Amino acid sequence: MNPNSAPNPAMGHNNVPKMTARDVNVFYGQKQAIRNVSIDVTSDNVTAFIGPSGCGKSTFLRCLNRMNDTVDGARVEGRIELDAQDIYAPAMDVVQLRARVGMVFQKPNPFPKSIYENVAYGPRIHGLAQAKADMDNIVESALRRAGLWEEVKDRLGESGTAMSGGQQQRLCIARAIAVDPEVILMDEPCSALDPIATARIEELIDELRGRYAIVIVTHNMQQAARVSQKTAFFHLGTLVEYDDTSAIFTNPRETRTKDYITGRYG
Amino acid sequence: MRLLIAFAMVLALAGLAYLAGRGRANRLVLAGGNRIGAVHSRPVYHGAYMAVLALAPALLLLAGWAIVGENVIEGQVVATMPAASQPAPGNDRVALMNEVRGLVTGDLPQAFNPLAPVLAPRYAAIKNNLDLLAGALAVALLCLGGLWGYSRIRPDFRARNRVEAQVRVLLLVASVVAIITTFGIVLSLIFESIRFFRMVSPVEFLTGLAWSPQTALRADQVGSTGAFGAVPLFWGTIFIGAIIAMAVAIPLGLMSAIYLTQYAQPSLRKWMKPVLELLAGVPTVVYGFFAALTVAPLVRQLAVMLGMVDASADSALAAGLVMGVMIIPFVSSMADDALTAVPRAMRDGSLAMGATMSETVKKVMVPAALPGIIGGVLLAVSRAIGETMIVVMAAGLAANLTANPFASVTTVTTQIVALLTGDQEFDSAKTLSAFALGLVLFMMTLVLNIYALAVVKRYREAYE
Amino acid sequence: MTALQPSRLLSERLPTDWESPAMRARIAARYRAERNFRRLGAAALVIAASFLAFLLFTIVRDGWSGFLRSEARVVVTFTPATLGLDPAAVAGPQGKVLLARADYLALMNEAALTLGPASGTLSDAAWLELRERLVADPALLGKTVPVWVPVRSTIDLLAKGKFDLAAPADSRGVSDREVAAWRWLEREGRLRTNFNMAFLRNADSTEPELAGIGGAALGSLLTLVITIGVAFPLGVFSAVWLEEFAPKGRLADIIELSINNLAAVPSIIFGLLGLAFFLNFAGMPRSAPLVGGITLALMIMPVIVIAARVAIKAVPPSIRDAALGIGASPIQVVFQHVLPLALPGIMTGTIIGVARALGETAPLLLIGMRAFVTDVPQGFTSPATVLPMQVFLWSDDVQRGFVEKTSAAILVLLVILIAMNSLAIYLRNRFERRW
């Protein structure tokens, strides 16, 4: 990996794909969950994966930072690249990959630690802060970017699990941001939240756009339309259609996409 | 034996009652034209109802007689003697009656107490009469109950509901046995302990540093009344069960559980779990034999190598080590449960940050599972301090207050066994002290268990 | 924490340089820590497993020879005069009885003299073999035949190579005369090793070569019959009541608390209960399987209750609703539908509980089942001992011959227990139903 080729996220607006996937197949034991998916993800966009439950969109998302490695019996074929580097190559370091490609889960999963320690967890294991002051800075900036700072600045020592669901999810986003990743994967981040908390997270995703490449899995089409610029429609483990969000929702090419969007199934 | 025949007879008569009741109900069904609802309950229920009415009082009577009968007979036999020559209740009387019984059954060819041959025929006669009386009463009760039941069989009699109510009572009675057992334990321990504490003050027992329950031969010897300071026993119990054994079991059990839950292939896990369960089923006497025959000599050799010439053959270390090995499967399975109860999302969250598995385990999983692990360890401690055979076979009887693992210490359970086997003297402080030790042990494990179960329960609820 | 301007902070932070030497070294160190931790876990598992493998190894090493015994060939002339028999009477109707009562000990002593230097090597019970031979075949009377009879434990151990003959005579535990006698027998080809039926058949004895586990095994069986007979119905009924009928309230709470606590009470406490209540208060017989069985039943009842409750709880409510819906009474629902479906789980719990009772020693020590019983127990109230207790008693014996007997008895006990537990695990895996 050449440090010069690592794009500065602040630069944004380039058309070089941040991540590319080519002919990806995923198997759980004998069962094939993903068939021949090829897709490019760019830095300056929020990319949404939509599709009915069980269509493989979450499975595919978990391939992008190799979280499928933690599932017994999962096997990934094909090629997935981050900045033109094969992430499944033996030379690729999973620890480093996951630091660069962060993830936010469906259910908020703060660690049973204080708010401060939750955010400091990543920088600490990766050794990103030398002194206490550095760590304080990182924690503060991550919480500010996640829009949580004003709410929690006086109770950083309290347990992260004692917050409301929406706050917990924003804490998890802050936790992901604190490592300063290049890509953030979000696996239905609002499905466990109420509408107000959902709106707050959607605003946050919009604010983070441009700084990080964001991929969000959602089964809520309105949400995809609201937050994303690109949308991929998955069905039965295949990528049916991938285009600008506006195009997908106004003028889908495939009938299956159209049927799904108009609510025929899903 | 006679009692057994009586039981069998009562059961057979109850069977007859069942047949009679069912027969009568069957005839009613036929008389009612075999329509559904003509007779409320099916004939089997009528039969069963009648059998229960016949059986229950008779069985209760016989069971009661089986328990108190011997005492009643003894009382009657003793009452036939002139008041002056009656033996005092307690040891003398028990010994005398044992000889009398021995003479009657023929187990004892010759009695030592001259009274015994005199009493033997009286005993036989009284026992014969009273047993017969009890049997006759039982049969009478049975017949009365049965007849009453028979008379109640009518088409509209709700026999099924009655039988089911009786079954519910039976279920309830079975459940109450657990309470009775608990109370039985508490009462028998407290009762005997009170007798002990009349002879030895509780303060001395709980705080005294010297333990030598053997009564001395000469009155001027030190501790001629025996010394009952149990602190060295408590220390030995904690030293072996809670310190040495846990020093072995906690790291090995916890690391095994971590490896099995986080690293091992599913196939290895599939094999190791039943193997661990099988190991948990190895009898403690086997571990004790292993400790005494194999481990203890090795530990002694080690001590000699380290320069302790007079190293003890029954060291605390040998017993503690083997007890630790015995507890490993238990700690491992408790830790396994606690770790698997941590939501997978927690683990994934950490891994997705780029943490390695060991960082995830150390910084997220174990802290999150800590209450469950601590609860499991407390249960393991409770099991270790109550464990008997390993320490009986491998630990010593010398009550030393030492922290040297190569020295010999003794434990509460070892002493209970030592005090209650061999030649027992009734009502001596020596024998009764075993019950006081049992009471302390019971309280210790009870507190540990209640606390540990509460911790584990709260922990499980936190993640449900 | 100093409140800095967020915008300045954000722009100041440079992207992490993952390729810097410091970061590379750090990641390498983290991977090393990961590998070490993983090795530590594997090591823990291996250490625990090797402890137990070592235990099993020593027991098998010491124990397998306990199933064998050494026998010496003796040429015996069944002289009627020595036996005190009248050949004419033997042919008569009372023949069998006379044959059984004859003086085989004298015959054995006479025959032993033919062994010369090894005349003192035969077991005290060697004459039993002669009786067995003659009773089986009365035609041998007056004839001379070779008979294989058991030898003393010391000779047996010499034949099995259990003594270190290089050690000085006074510390090796066997005298020169015995060694010489054994050498003579070996040289003459008069020694053989045979399967030790007596070990499986006999009861306890002071002589290692005669001691067997038959009495203890029967004692265990009698005790377990009582245990199962008491604990199984009590346990299942309690579980049914608690799960299906108990009204929420104090009584159910107290019962549940009692059961949970009884499950964790040290086994020796149950021994104290047995001693104080069954023996001293109720006056039941000492050392009897009846008392031992009831004591163990109280001990394992909580195990059965807990397993049965889990199994009953696992039966889905829809089954109950279906039966209730066609007019079955609650009792009928439980006994005709719920219990049959829960049976595999209940059996698993029961087998595990019974296996625990079979391996239990401590409570039985206190109610006197450590008596030295040289006869196979006659019934539920006669003195008996049980397998683990036999192990304990022999392990205490100073005679060297008992070491292999102890280990052999452990092997028998372990085989039974492993079979029971495997059955339980199999039942659970086979019938574990996911609704």
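A quick note: this is a predicted structure, and the numbers were derived from the prediction, not measured.

A. Structural context of the packing of aromatic side chains. A full pass over the atoms with the stated rule returns 20 aromatic pairs over all chains. Geometrically, the ring pair formed by B:Trp235 and B:Phe239 is stacked, given 5.0 Å between the ring centres and 15 degrees between the ring planes. Placement of both B:Trp235 and B:Phe239 in helix α7 (residues 231-263) is noted, with a separation of four residues, approximately one turn of the helix. For the pair C:Phe67 and C:Phe199, a centre-to-centre distance of 5.6 Å together with 90 degrees between the ring planes defines the contact as edge-to-face. With C:Phe67 in the loop between α2 (21-63) and β1 (68-77) and C:Phe199 in helix α10 (residues 197-201), this residue pair connects regions lying 132 residues apart in the sequence. For the residue pair C:Phe67 and C:Phe199, the accessibility class agrees, reading buried in each case. Aromatic ring contacts, followed pair by pair, group B:Phe196, B:Phe197, B:Phe205, B:Trp211, B:Phe228 and B:Phe234 into a single cluster. The positively charged end of A:Lys230 is found above the aromatic ring belonging to A:Tyr242, 5.3 Å away from the centroid. The ring of B:Tyr150 is capped by B:Arg24, whose NZ or CZ atom sits 4.8 Å from the centre of that ring.

B. Examining the pattern of salt bridges more closely. Taken as a whole and judged by the stated rule, the model has 43 salt bridges over all chains. C:Arg69 is paired through a salt bridge with C:Glu71; the nearest N and O atoms lie 3.2 Å apart. We classify C:Glu71 as buried; its relative accessible area is 3%. One salt-bridge network, in which partners are shared between bridges, spans A:Lys18, A:Asp83, A:Arg100 and A:Glu182.

C. Up close: the sheet that holds strand β2 (residues 144-150) of chain C. Residues and elements named next belong to chain C. Overall, antiparallel pairing links the three strands, which are arranged β2-β1-β3 in an open sheet. The strands lining the two open edges of the sheet, one partner per strand, are β2 and β3 (191-195). Looking at each pair of strands side by side, their axes are set apart by 40 degrees on average, direction ignored. Sheet topology note: the β1/β3 ladder contains five bridges and is antiparallel. The residue bridging Glu71 from the neighbouring strand is Arg192, located in β3. The strands touched by helix α7 (residues 127-136) are β1 and β2; relative to β2, the strand with the most contacts, the crossing angle is about 135 degrees.

D. Up close: the interface of chain B and chain A. In this complex, chain B contributes 21 residues to the contact, which on the side of chain A involves 25 residues. Here chain B and chain A share an interface that buries about 1,700 Å² over both sides, 63% of which is from carbon and sulfur atoms. Of all residues in chain B, B:Ala352, B:Met353 and B:Lys363 give up the largest surface area on contact with chain A, accounting jointly for 36% of the area buried on that side. Taken together, the links from chain B to chain A amount to one salt bridge. Seen at the junction of chain B and chain A, the total is six residue pairs in polar contact (both at pLDDT 80 or more). A per-element tally of the side of chain B that touches chain A places helix α11 (residues 344-352) of chain B first, with nine residues. Here the side of chain B that touches chain A is built from residues that sort into 10 nonpolar, five polar and six charged.

E. Looking closely at the domain arrangement of chain C. Residue and element names in this part refer to chain C. Each assigned domain of chain C is listed here: domain 1 (66-195) and domain 2 (214-431). In this structure, domain 1 and domain 2 have C-alpha centres spaced 44 Å apart. Each partner contributes to the interface: domain 1 provides 10 residues, whereas domain 2 provides seven residues. Here domain 1 packs against domain 2, burying approximately 640 Å² in sum over the two surfaces, 56% of which is carbon and sulfur. Our enumeration of links across domain 1 and domain 2 arrives at one salt bridge. A salt bridge links Lys160 to Glu404; the nearest nitrogen and oxygen atoms lie 2.8 Å apart. At the boundary of domain 1 with domain 2, the tally comes to one residue pair in polar contact (both at pLDDT 80 or more).

F. Just the sheet that holds strand β5 (residues 85-86) of chain A, in detail. Residues and elements named next belong to chain A. In space, the four strands of this open sheet follow the order β2-β1-β4-β5, with antiparallel pairing throughout. Each edge of the open sheet is held by one strand with a lone partner, namely β2 (31-42) and β5. Two elements, strand β4 (residues 74-82) and β5, share two bridges in a ladder whose sense is antiparallel. Bridge pairing in β5 links Leu82 to Gln85.

Parameters at a glance
Residues numbered from 1 in each chain as written. Chains lettered and ligands numbered in written order. Predicted model: local features only at pLDDT ≥ 70, side-chain atom pairs only at ≥ 80, totals over all residues. Heavy atoms only, no water. Phe/Tyr/Trp six-rings, centres within 6.5 Å; stacked < 30°, edge-to-face > 60°. Helix = DSSP H or I, 4+ residues; strand = E, 2+ residues; numbered from the N terminus. Buried < 20%, exposed > 50% of the residue type's maximum accessible area, 1.4 Å probe, protein only. Lys NZ or Arg CZ within 6 Å of the ring centre and 35° of its normal. Salt bridge = Lys/Arg side-chain N within 4 Å of Asp/Glu carboxyl O. Pairing = 2+ DSSP bridges. Axes fitted to C-alpha atoms, helices over the stretch in contact; angles between N-to-C directions. Contact = heavy atoms within 4.5 Å. Buried area = accessible area lost by both parts, 1.4 Å probe. Polar contact = N/O pair within 3.5 Å; in protein donor to acceptor, adjacent residues only side chain to side chain. Nonpolar A, V, L, I, M, F, W, Y, C, P; charged D, E, K, R; others polar. Domains from an automatic or database assignment.

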